[in-house]
Amino acid sequence: MLPRKIKDRVYWLGAVDWDRRLFDSLIPLPDGTSYNAYLVKGSEKTALLDTVDPSMAETLMTQLEDVSEIDFIISHHSEQDHSGTIPMVLEFFPDAKVVATPKGKDILIDLLKIHEDAFLTVQDGETLSLGDKTLRFLYTPWVHWPETMVTLLEEDGILFSCDFFGSHIAASELFMRDEGRVYEAAKRYFAEIMMPFRNVISKNLEKLKGYDIGMIAPSHGQIHEKPEWIMNAYGDWVNGDPRNLAVIPFVSMHGSTREMVDYLTSSLVGHGVRVELFNLPVTDIGKLAMALVDAGTVIVGTPTVLAGPHPLAAYATFLANALRPKARFLSIVGSYEWGGKTVESLAGMIPNLKVEVLEPVLCKGAPVKETFEGLDRLAETVAGKHRENGFA
Ligand code: FEO
């Protein structure tokens, strides 16, 4: 794709990766992604803000063919989908300075072996003049690594936010038009990489409110012409109460745990609790992460296998612990036939979660009358806890 003008002497560059389906060897990308870079030409100096994933370096280099000089390469975030093409850009523009936070500089040296002399480090709030355009750098740690910062182009009111406010969407439209689609993709992205750092992100959001921002241009997905829309969504994900929602990741080997989960779902719904089920062998982990943003309660369904939880249930529990969702309650349901330590094993895997563990419901073999009574009691307890806590 050719460079595209956003405002006077401000251009989108970058690559749309329609085919990519996995990120970090972990995160599913059902809609592909884009690596957005931006070019800002001041009256005296020119800055390139971020680059692209090395797999698409040629695309960016072709877009830069008509650019006579780059004075600064702004690196908001050292992950290679944004920084990986910096070494190639430096080959073509050897006098350019790489602008980063001190932490960003260290990581870029570690990962990309960029020479120390190429860097210009900036402090939080510092400005860089391009002549008639001014870049202000604002530290926003943990969106998504500790070194991340964003840049405000003051005269145009454009915030270049890198991963922050981004979404993995491959699209030909530069600006957001389909709110539903972008909301879902942005929430998925938040859940997968930023949810564990909610407290810091809340502070970052608060900090940005002090600036005049008319547009947010992230480095994945589409540009926001209504900054308050995406900032409010983040505010809800970060600071809002959990919802009246039970999320049930489960796996069943021969149907007993599935029968329990189906019964529990019905009972929860009967008690007015919304439910999202994730059958782990066929689950998109990103969808599960997204549901965890809102969950009031998480209930893991697993058979006992090899004396413990099914490995897929252990994986989902490990992931939930790493993502640190806002959920306040957790329980376990499942079937076993002989001894094991399923509950102890799973309970030991959630040190990061600030949850009350509700009495698990386990049954020997296929579920019987007492099992269903236990599931009804669990559903009633969950509904009561959600009501007491005002989860809506
Ligand atoms: Fe888009 Fe954390 O990289």
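Residues numbered from 1 in each chain as written. Predicted model: local features only at pLDDT ≥ 70, side-chain atom pairs only at ≥ 80, totals over all residues. Heavy atoms only, no water.

Attention now moves to helix H7 (residues 227-239). An ideal rise of 1.5 Å per residue puts 18 Å on 13 residues; H7 measures up with 18 Å between its terminal C-alpha atoms. When H7 is considered as a whole, its buried residues turn out to be Pro227, Trp229, Ile230, Met231, Ala233, Tyr234, Trp237 and Val238. Buried residues along H7 sit in contact with helix H5 (179-193), helix H6 (198-208), strand E14 (215-218) and helix H9 (285-294). (Helix = DSSP H or I, 4+ residues; strand = E, 2+ residues; numbered from the N terminus. Expected span 1.5 Å × (residues − 1). Buried < 20%, exposed > 50% of the residue type's maximum accessible area, 1.4 Å probe, protein only. Contact = heavy atoms within 4.5 Å.)

On to the environment of isoleucine 248. By the element assignment, isoleucine 248 lies in strand E15 (residues 245-250). Residues contacting isoleucine 248, with those up to four places away along its chain left out, are Val261, Leu264, Thr265, Leu268, Val275, Glu276, Leu277, Phe278 and Ile299.

Here we take up the pairing of strand E2 (residues 10-17). With 7 of 8 residues buried, E2 lies mostly within the body of the structure. In this sheet, E2 lies alongside strand E1 (residues 4-7) in antiparallel orientation, the contact comprising 3 bridges. The residue bridging arginine 4 from the neighbouring strand is tryptophan 12, located in E2. Both E2 and strand E5 (residues 33-41) contribute to a ladder of 8 bridges, which runs antiparallel. The partner of valine 10 across the bridge, within E5, is valine 40. (Pairing = 2+ DSSP bridges.)

This next bit is on the sheet that holds E1. If you trace the 7 strands from one edge of the open sheet to the other, you get E1-E2-E5-E6-E7-E8-E9, paired in mixed fashion. Each end of this open sheet is capped by a strand with a single partner; those strands are E1 and strand E9 (119-121). Each neighbouring strand pair of the sheet contributes to a mean axis angle of 25 degrees, computed without reference to strand direction. (Axes fitted to C-alpha atoms, helices over the stretch in contact; angles between N-to-C directions.)

A word on the packing of helix H8 (residues 256-270) against helix H12 (residues 369-388). Working note: a packed helix pair is described by the angle between its axes plus the distance between those axes. Where H8 meets H12, the closest approach of the two axes is 9 Å, and the angle between their N-to-C directions is 40 degrees. What the angle tells us is that H8 and H12 run oblique. Relative to H12, H8 is oriented so that their crossing is right-handed. Contact residues: Glu259, Met260, Tyr263, Leu264, Ser267 and Leu268 in H8; Thr371, Phe372, Leu375, Asp376, Leu378, Ala379 and Val382 in H12. (Parallel < 35°, antiparallel > 145°, perpendicular 65-115°, else oblique. Left-handed = near helix turned anticlockwise from the far one by under 90°.)

In this section: the domain arrangement of the chain. Looking at the assigned domains, one finds that the chain contains domain 1 (4-239) and domain 2 (245-383). Taking only C-alpha atoms, the centre of domain 1 and the centre of domain 2 are 38 Å apart. Listed as interface residues are 14 residues of domain 1 and, on the opposing side, 15 residues of domain 2. Of the roughly 1300 Å² buried where domain 1 meets domain 2, counting both sides, 61% is carbon and sulfur surface. Linking domain 1 with domain 2 are 3 salt bridges, by the criterion used here. The tally of links between domain 1 and domain 2 comes to 6 residue pairs in polar contact (both at pLDDT 80 or more). Listing elements by their share of the side of domain 1 that touches domain 2, those giving two or more residues are H5 and H7. The dominant element in the side of domain 1 that touches domain 2, judged by the number of residues it contributes, is H5, at 6 residues. Here the residues of the side of domain 1 that touches domain 2 are counted per class, giving 8 nonpolar, no polar and 6 charged. (Domains from an automatic or database assignment. Buried area = accessible area lost by both parts, 1.4 Å probe. Salt bridge = Lys/Arg side-chain N within 4 Å of Asp/Glu carboxyl O. Polar contact = N/O pair within 3.5 Å; in protein donor to acceptor, adjacent residues only side chain to side chain. Nonpolar A, V, L, I, M, F, W, Y, C, P; charged D, E, K, R; others polar.)

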